[in-house]
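# Chains, contacts and geometry: an overview
One letter stands for each residue in the lines below.
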Amino acid sequence: MSEQSKTENPEQNLPKSDDEWRENLDAERYHVLREKGTERAFTGKYWDLKDDGMYHCAACGEALFSSDTKYDSGSGWPSFDQPVSGESVGEISDHSHGMIRTEVVCKKCQSHLGHVFPDGPQETTGLRYCINSASLDFKKSDDD
Ligand code: FE
């Protein structure tokens, strides 16, 4: 099967200015994705979701995290032990709010996703990707 849009550069469809981002996202998503906001724990739509599927960037649609790597961290935010690939997420040192943390961003559109902490499941990666629901769009697997 050939991909019809292969000749188009998907980056060209991304918003280019802050105003364009604001027009493309609702207020909560704009705040989290473009202003590095954090939704309150246990309030997002995905923290407790256990369905099979893929979590995409809510800003640009890039596939970021698979439900196969999602686990219950008890934090109240969607938690994954790894991204779908190293190509999809970037990690940036974050010294804001008097803490030293590692910010997680979408590599394709540079939007803020959450943070990664070294207190994940020891039986897998030992990492906890703590991601805002507002940064994600879940697409259920087609299994029927
Ligand atoms: Fe993105």
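Our subject in this report is the structure included herewith. (Residues numbered from 1 in each chain as written. Predicted model: local features only at pLDDT ≥ 70, side-chain atom pairs only at ≥ 80, totals over all residues. Heavy atoms only, no water.)

## Re the pattern of salt bridges
Side chains that carry opposite charge are capable of pairing whenever their charged atoms lie near each other. Taken as a whole and assessed by the stated rule, the structure comprises eight salt bridges. Its salt-bridge partner being R22, residue D18 comes within 3.7 Å of it at the nearest N-O pair. Remark: R22 and D18 occur in helix α1 (residues 18-24); sequence separation between them is four residues, near one turn of the helix. The class for D18 is partly exposed, based on a relative accessible area of 40%. Owing to a relative accessible area of 45%, R22 belongs among the partly exposed residues under this scheme. (Salt bridge = Lys/Arg side-chain N within 4 Å of Asp/Glu carboxyl O. Helix = DSSP H or I, 4+ residues; strand = E, 2+ residues; numbered from the N terminus. Buried < 20%, exposed > 50% of the residue type's maximum accessible area, 1.4 Å probe, protein only.)

## Quick notes on the side chain of H56
Within the element layout of this structure, H56 appears in strand β1 (residues 53-57). Given the relative accessible area of 13%, H56 is considered buried. Polar side-chain contacts of H56 include one of 2.9 Å to the backbone oxygen of G61. (Polar contact = N/O pair within 3.5 Å; in protein donor to acceptor, adjacent residues only side chain to side chain.)

## Comments concerning the coordination of the iron ion
At this site the iron ion is bound by C57 (SG), C60 (SG), C106 (SG) and C109 (SG), with donor distances of 2.3 to 2.4 Å. In this structure, the iron ion is surrounded by four donor atoms whose angles at the metal cover 102 to 113 degrees, and the resulting shape is tetrahedral. Summarised as a motif, the one-chain spacing of the donors to the iron ion is C-x2-C-x45-C-x2-C. Remark: C106 occurs in strand β6 (residues 101-106) and C60 occurs in the loop between β1 and β2 (63-66); sequence separation between them is 46 residues. Like C60, the residue C106 is buried in the burial classification. (Donors = N, O, S within 2.8 Å, 3.2 Å for Na, K, Ca; no water. Tetrahedral: all angles 85-135°; square planar, octahedral: opposite > 155°, others 65-115°.)

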